[in-house]
Every structure is written in C-alpha cells, then in structure tokens.
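So the chains spell out like this:
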Amino acid sequence: GMTETETLTYYKTCALTFDDGPSASKNTSLVMDALMETGARATFFVIGNRIKEYRWFVQREHDNGHAVASHNWHHGNVNKSTPAALRAMPKKVNASMIKAIGIPVRYDRVPGGLYPKMVKSKVGWSYIQWSLDTYDWRGGKPAEVMQKVRKKLHDGDIILCHDTKDNTPESARQIIHYLEEQGYMPLTIDELFAKDGVELQPDTVYFRCDQGETSIR
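Everything numeric here is computed off the predicted structure, so don't read it as measured data.

(A) Region of the structure containing the overall build of the protein. Tallying secondary structure elements over the protein gives 10 helices and eight strands in all. Taking 217 residues into account, the globule formula puts the C-alpha radius of gyration at 17 Å, and the protein, at 16 Å, falls close to it. Overall size of the protein, expressed as C-alpha extent along the three principal axes, is 45 × 35 × 35 Å. Buried residues in the protein amount to 51% of all 217 residues. Considering only intrachain contacts with a sequence separation of at least 6, the fraction spanning at least 24 residues in the protein is 77%. In the structure as shown, the protein presents an accessible area of about 10,200 Å², 50% of it carried by carbon and sulfur atoms. Side-chain charges in the protein split into 28 positive and 27 negative, and the spacing between the mean points of these groups amounts to 9 Å.

Written out as structure tokens, the structure reads:
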C-alpha cells in the first residue's frame, strides 16, 4: 500500500491549532469531541501552569492523537519578563508536560504572538505563529469564523483557534467539514512540517508550511 506521506501529495494540508487551554469550562472537552467526530487531528498549545490542575485534559488530547505544545508558563506579556525569567521557563513547562504525557515540549507559541523577546532572550524553543486567524477569541458566531476561513484559507496554513471560547467547538466542526470539502487534510504541527522535510530549529519562528515555505504570508 501507499505510505501516508505519499498519499499526502493528493491533498492540500493545514494545521488546526487551539490556544489558551485547558479550559475549566466544558469547551476544551467539546472541542475534543468535535475533533473525534470528524477524525481530524489538531495541535493544542496549553498554558504550562494549567497542566497540573487539568492534567486529564492534556492526557486526553495526547491520547486522542493530537499534538500538545507549549503556550508559555503563564499567559502574561513576555515583554514584562526578564530574559532570565524567560530562559527558566522551558524547565518548568517541561517538568509539568513530562508528568502529564511523558514527553517534553517540542515547540511553543508565545501568548499574543509576542515572539521577538523570546527569540532575543535565547529561550531555545521553536516558535509556531499562524497564517490564518479565525478571530474566534472575539466570541463571534461560527458563521463569522467561517467567513474568515473561506476568504483566507491557503495550502500550508496554520489556523489559530482557542479551545476556551464557547463558540469554538461548533466553529471547529464547521471548519473541518469545510476543509474536507476543499480537499484539505488537517495535520498536527509536527506532521505539517515533517511532510516537507522541515526540521524545527531553536529560536526560529514559523508561520505556515507550504512546500517548505514557512515565512509570513
């Protein structure tokens, strides 16, 4: 039979990503339910200091075949932190992540996308930005989110969503159905870059992965 990577040449690809969880509300669970119903894999950027309390969610994300990544230790503005404090962060996040799912962080998304301070401080992570913002964090209805997706979707996109928001589970369901209609295969961040042979480098920023092109679109 064909290997999975060979099959990928027939598809356009993108990565659905969810920030700010795990959520104490039902929303993280509902997003995972939507992903399970549609069979899509995604990437969850979780806040380090929430992993211990909500470990069960993080384990479920991992066990369901999604990628779990870092969204820093807390959601604060990194520009207000010292370089030394930022450099101390991976050790803390990794300790929690390893306790939860047995593996350290492979890449990070900085809250608010404020990666320059992290890069300058030589924290050493690879940084995953996005090329399609659904603006679901504004609390818009799924129809508004879908309008953005339909207008902007492009091969290799990294799509930004938030699993803490009430409308996101339904938006996620609709996004995935639309992706399938358009011939897209949603991949984890790891898979999106691996399919083009792109190895994530430390202190480097990635916005998408379209035929190996990772710069801002």
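Now, onward.
(B) Broad picture of the packing of helix α8 (residues 142–152) against helix α9 (residues 168–181). Here α8 crosses α9 at 35°, and the two axes come no closer than 9 Å. As for how α8 packs across α9, the hand of that crossing is right-handed. Contact residues: α8 offers P142, V145, M146, V149 and R150, while α9 offers E170, S171, Q174, I175 and Y178. The residue inventory of the contact of α8 with α9, partitioned by class, reads six nonpolar, two polar and two charged.

(C) Just the nonpolar core, in detail. In this structure, L16, F18, L35 and M118 are the most contacted members of the largest nonpolar core, which totals 44 residues. Listing elements by their share of this core, those giving two or more residues are β1 (12–19), α2 (27–38), β2 (43–46), α4 (55–63), α6 (89–101), α8, β6 (158–162) and α9. Residues within four places of L35 in sequence aside, it is in contact with L16, F18, A40, A42, F44, H66 and I176. Counting 13 residues, the second largest nonpolar core, distinct from the first, contains A67, A69, L187 and I189.

(D) Inspection of the pairing of β1 at higher detail. In terms of residue burial, β1 counts as a mostly covered element, since seven of its eight residues are buried. Where β1 meets strand β7 (residues 184–186), three bridges bridge the pair, whose relative direction is parallel. Following the sheet pairing, K12 is matched in β7 by Y184. In this sheet, β6 lies alongside β1 in parallel orientation, the contact comprising five bridges. From the neighbouring strand, L16 faces β6, where its bridge partner is I159.

(E) Here's a closer look at the side chain of T168. For T168, the position within the fold is in helix α9. Residue classification places T168 among the buried positions, given a relative accessible area of 2%.

(F) The arrangement of unusual backbone geometry in detail. For the bond running from G21 to P22, omega is -5°, close enough to zero to count as cis. Turning to its location among the elements, P22 is positioned in the loop between β1 and α2. Backbone geometry places Y135, a non-glycine residue, at a positive phi of 55°. With respect to the helices and strands, Y135 occurs in the loop between β5 (132–133) and α8. With a relative accessible area of 26%, Y135 lands in the partly exposed category.

(G) Examining the pattern of salt bridges more closely. Within the structure shown, the criterion is met by nine salt bridges. A salt bridge links D19 to R109, with the shortest nitrogen-to-oxygen separation between them at 2.7 Å. With D19 in strand β1 and R109 in the loop between α6 and α7 (115–120), the pair connects residues that are 90 residues apart, well separated along the chain. Judged by relative accessible area, D19 falls into the buried class, the value being 3%. Note that E170 is salt-bridged to R173, the shortest N-O span being 3.0 Å. Remark: R173 and E170 occur in helix α9; sequence separation between them is three residues, near one turn of the helix. Judged by its relative accessible area of 22%, R173 is partly exposed. Shared partners join several salt bridges into a network, and the residues in it are E37, E170 and R173.

What counts and what doesn't
- Residues numbered from 1 in each chain as written.
- Predicted model: local features only at pLDDT ≥ 70, side-chain atom pairs only at ≥ 80, totals over all residues.
- Heavy atoms only, no water.
- Helix = DSSP H or I, 4+ residues; strand = E, 2+ residues; numbered from the N terminus.
- Rg over C-alpha atoms; globule rule 2.2 N^0.38 Å.
- Buried < 20%, exposed > 50% of the residue type's maximum accessible area, 1.4 Å probe, protein only.
- Contact = heavy atoms within 4.5 Å.
- Areas by Shrake-Rupley, 256 points an atom, 1.4 Å probe, with all protein chains shown as cover.
- Lys, Arg positive; Asp, Glu negative; His and termini not counted.
- Charge placed at Lys NZ, Arg CZ, Asp CG, Glu CD.
- Axes fitted to C-alpha atoms, helices over the stretch in contact; angles between N-to-C directions.
- Left-handed = near helix turned anticlockwise from the far one by under 90°.
- Nonpolar A, V, L, I, M, F, W, Y, C, P; charged D, E, K, R; others polar.
- Core = buried A, V, L, I, M, F, W, Y, C linked by side-chain atoms within 4.5 Å.
- Pairing = 2+ DSSP bridges.
- Salt bridge = Lys/Arg side-chain N within 4 Å of Asp/Glu carboxyl O.

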